[in-house]
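This is what each chain is made of:
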Amino acid sequence: MTHHPLNRRHFFAGAAASALAATSVSRVALAAIPEAVQQASADTAAPWTPPGVTGAGRPYNPVVTLNGWTLPWRMKDGVKEFHLVAEPVVREMAPGFLVNMWGYNGQSPGPTIEVVEGDRVRLYVSNRLPEHTTVHWHGQRLPNGMDGVAGLNQPAIPPGKTCVYEFTARRPGTFMYHPHADEMVQMAMGMMGFWVTHPKQKHPLIHEVQRDYCFLLNAFDVEPGSMTPQVNTMLEQNIWAWNSRVFPGITPLVARQGERVRVRVGNLTMTNHPVHIHGIEFEVTGTDGGPTPTGARWPEVTADIAVGQMRQLEFIADEPGDWAMHCHKSHHTMGPMGHAVPTLIGADHRGLVAPLQRANPDYMVMGERGMGDMGQMPMELPANTLPMMTGTGPYGPIEMGGMFTTLKVRADQKPGDYSDPGDYAMPAGTQARLIDSDSTEAPAAERSATPVAPQPGSASARKPAASGGHRH
Ligand SMILES: [Cu+2]
């Protein structure tokens, strides 16, 4: 992970020089509100250190937002003041793949808001979008008038205006924020952010952890070759992302062997995502409703995260290696692809290729033996998109995309060091290997050794009553 400094030009620029000058916020009002810090990079930022805090003096272990950052605040009369700017942004979803989104303070998702239980918070929201918006603080206990539902709790914030929200962060936990005005469009464009409230003292149901990661699940429909998401798509999005990033653009999660790790995940897509982590077992220790009682926790390797839900996954990183971590819906670990392609497995159409290519010079054979070759196929893509499967590991193509990254556990990773340790060096004799055998013989021998006859009523003899539609 590279540590890009925040773009602090707004801290030093005079009010008149600020980019906010384009809005109708007056210079006097601007001086009275905190600077709107901008982030230009999609890299994972180092944890933010509040002003006046040095060394280990931070009263909490900070979260690390995957491919995101924490919004600096200023203290004014005992209140933590933040300034969010809702605005059009260009997000780099993976190296070389740029998408026009709407977000906050230069990025989608917006910056993570990180506070401590009991904090009084004041959040200025400036609207630089072409339409009105609001911010809903998902999961928070707050006065009804601060809940951010346009029309119900407040008038929407018109373009060019700034609105202020103020409340006390009453309960510790994992929250998010998103617009509650033209919601479908604004979330399809990437407007959302994370919120973490740390407990103010030791809490019986909240462990101290050495690593605390957070990210949001989001999805986009970006036609290959274009740059702007189609906002009316309900389920057939083609970009499945974590914090508006896709593999191989998602930062790996790193841990020192033996550390306790928390991963906070929120889902603002239109479908559920079974998040699966290899190599360890985790417990769901909390939801957006609060810490999970100890007796209601059990070990899992996959947690389904429904739409609008948040989950805290916690584990001891005791098994060294480079472990896959991904959504278990296999279409969500793919890059942009068409779903209307016929399945050709088992169809030998070699004799047809030449005549077909005479009619259509671009015709190519695809999928006769599965689609694994797609990971290496030199296929011409439109500008500004990604291959369907991509990413290369030390042993070849990974054949993944979308909601995929790795959990890297190392014995020698320094505490607090989030940098990528590189590929895992496997101890000799601990890796699966090919054996010296004719591959066409082994399965046949196996078949004859263990004949499988369908039994009446057995699963293999039954046909599904109805084959469901292709939905994911
Ligand atoms: Cu998924």
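Residues numbered from 1 in each chain as written. Predicted model: local features only at pLDDT ≥ 70, side-chain atom pairs only at ≥ 80, totals over all residues. Heavy atoms only, no water.

### Brief notes about the overall build of the protein
Phase 1 of the analysis: Check the secondary structure of the protein and you find 5 helices and 23 strands.
Phase 2 of the analysis: Sorting the 472 residues of the protein into buried and exposed places 47% on the buried side.
Phase 3 of the analysis: A fraction of 75% describes how many contacts in the protein between residues 6 or more apart in sequence connect residues 24 or more apart. (Helix = DSSP H or I, 4+ residues; strand = E, 2+ residues; numbered from the N terminus. Buried < 20%, exposed > 50% of the residue type's maximum accessible area, 1.4 Å probe, protein only. Contact = heavy atoms within 4.5 Å.)

### Observations regarding the pattern of salt bridges
Phase 1 of the analysis: For the coordinates displayed, the defined rule picks out 15 salt bridges.
Phase 2 of the analysis: One salt bridge in this structure joins Glu-87 and Arg-128, with 3.0 Å as the shortest N-O distance. Residue Glu-87 is found in strand β3 (residues 79-94), and its partner Arg-128 is found in the loop between β6 (120-127) and β7 (136-138); the two are separated by 41 residues along the sequence.
Phase 3 of the analysis: Residue Glu-87 is classed as buried on the basis of its relative accessible area, which comes to 6%.
Phase 4 of the analysis: In the salt-bridge network here, residues are joined through shared partners; they are Arg-74, Glu-81, Arg-120, Arg-122 and Glu-166. (Salt bridge = Lys/Arg side-chain N within 4 Å of Asp/Glu carboxyl O.)

### Concerning the sheet that holds strand β15 (residues 273-277)
Phase 1 of the analysis: Taken in spatial order, the 5 strands make up an open sheet running β13-β23-β20-β15-β18, and their pairing is mixed. Looking at the sheet topology across the chains shown, the edges are occupied by β13 (253-256) and β18 (302-305). Each neighbouring strand pair of the sheet contributes to a mean axis angle of 20°, computed without reference to strand direction.
Phase 2 of the analysis: Here 6 bridges tie strand β20 (residues 321-327) to strand β23 (residues 404-410), and the two strands are oriented antiparallel to one another. Bridge assignment links Asp-322 to a residue of β23, and that residue is Lys-408. (Pairing = 2+ DSSP bridges. Axes fitted to C-alpha atoms, helices over the stretch in contact; angles between N-to-C directions.)

### Describing the sheet that holds strand β5 (residues 113-116)
Phase 1 of the analysis: The strand order across the open sheet built from 4 strands is β5-β10-β9-β7, with neighbouring strands paired in mixed fashion. The sheet is open, and its two borders are formed by β5 and β7, each paired with just one other strand. Geometrically, the sheet is characterised by an average inter-axis angle of 25° between neighbouring strands, direction not taken into account.
Phase 2 of the analysis: Looking at chain direction, β5 and strand β10 (residues 193-198) are connected through 4 bridges and run parallel.

### Topic: the coordination of the copper ion
Phase 1 of the analysis: Surrounding the copper ion are the protein donor atoms His-273 (ND1), Cys-327 (SG) and His-332 (ND1), at 2.0 Å.
Phase 2 of the analysis: One chain supplies every donor to the copper ion, and in sequence these donors are spaced H-x53-C-x4-H. With His-273 in strand β15 and His-332 in the loop between β20 and α4 (350-359), the pair connects residues that are 59 residues apart, well separated along the chain.
Phase 3 of the analysis: Looking at His-273, the relative accessible area reads 0%, which means it is buried. (Donors = N, O, S within 2.8 Å, 3.2 Å for Na, K, Ca; no water.)

### Describing the layout of surface pockets
Gaps left between atoms are located by rolling a probe of water-molecule size over the structure's atoms.
Phase 1 of the analysis: Here the largest pocket defines a volume of roughly 730 Å³.
Phase 2 of the analysis: In terms of lining residues, the largest pocket is bounded by 28 residues, among which Asp-322, Gly-393, Pro-394, Ile-398 and Thr-406 are the most central.
Phase 3 of the analysis: For the lining of the largest pocket, the secondary-structure elements that each account for two or more residues are β20, β21 (390-393), β22 (396-400) and β23.
Phase 4 of the analysis: Residues of the lining of the largest pocket, tallied by class, amount to 15 nonpolar, 9 polar and 4 charged. (1 Å grid on protein atoms, 1.4 Å probe; cavity = no way out; pocket = protein on both sides within 12 Å on 5 of 7 lines; lining within 4 Å. Points joined across faces, edges and corners; volume = space filled by probe spheres on them. Nonpolar A, V, L, I, M, F, W, Y, C, P; charged D, E, K, R; others polar.)

### What about unusual backbone geometry?
Phase 1 of the analysis: A cis amide bond links Ser-108 with the next residue in sequence, Pro-109, at an omega value of 0°.
Phase 2 of the analysis: When you line up the elements, Pro-109 lands in the loop between β4 (97-104) and β5.
Phase 3 of the analysis: The backbone of Asn-67 sits at a positive phi, close to 50°, despite the residue not being glycine.
Phase 4 of the analysis: Among the secondary structure elements, Asn-67 is positioned in the loop between β1 (64-65) and β2 (74-76).
Phase 5 of the analysis: For Asn-67, a relative accessible area of 3% corresponds to the buried category.
Phase 6 of the analysis: Even without glycine at this site, Asn-105 takes up a positive phi of about 50°.

### Some words on the nonpolar core
Here is a general trend for soluble globular proteins: nonpolar side chains tend to be buried in one another's company.
Phase 1 of the analysis: Core analysis: the largest hydrophobic core is formed by 33 residues, its most contacted members being Phe-82, Ile-113, Leu-123, Trp-137, Tyr-165 and Trp-195.
Phase 2 of the analysis: Those elements giving two or more residues to this core turn out to be β3, β4, β5, β6, β8 (162-168), β9 (173-178) and α3 (183-188).
Phase 3 of the analysis: Among all residues touching Tyr-165, those that are not within four sequence positions of it are Val-121, Arg-122, Leu-123, Val-125, Thr-134, Val-135, Trp-137, Met-146, Gly-148, Gln-154 and Ile-157.
Phase 4 of the analysis: Counting residues in hydrophobic clusters, the runner-up holds 31 residues, among them Leu-66, Leu-217, Ile-280 and Val-409. (Core = buried A, V, L, I, M, F, W, Y, C linked by side-chain atoms within 4.5 Å.)

### So, the packing of aromatic side chains
Phase 1 of the analysis: A complete count under the given rule lists 10 aromatic pairs for this structure.
Phase 2 of the analysis: Relative to Tyr-177, the ring of Tyr-104 has its centre 5.4 Å away and its plane inclined at 70°; by these criteria the two rings are edge-to-face. Of the two residues, Tyr-104 is situated in strand β4 and Tyr-177 in strand β9; the sequence distance between them amounts to 73 residues.
Phase 3 of the analysis: Using a relative accessible area of 0% as the deciding quantity, one classes Tyr-177 as buried.
Phase 4 of the analysis: With 5.3 Å between their ring centres and 80° between their planes, Trp-137 and Tyr-165 make a pair best called edge-to-face. A residue pair is termed long-range when its members are at least 10 positions apart, and Trp-137 in strand β7 and Tyr-165 in strand β8 qualify at 28 residues. Tyr-165 matches Trp-137 in its accessibility class, with the two residues each being buried.
Phase 5 of the analysis: Linked through ring pairs, Tyr-104, Trp-137, Tyr-165, Phe-167, Tyr-177 and Trp-195 together constitute an aromatic cluster.
Phase 6 of the analysis: Taking the ring centre of Tyr-418 as reference, the NZ or CZ of Arg-211 above it sits at 4.8 Å. (Phe/Tyr/Trp six-rings, centres within 6.5 Å; stacked < 30°, edge-to-face > 60°. Lys NZ or Arg CZ within 6 Å of the ring centre and 35° of its normal.)

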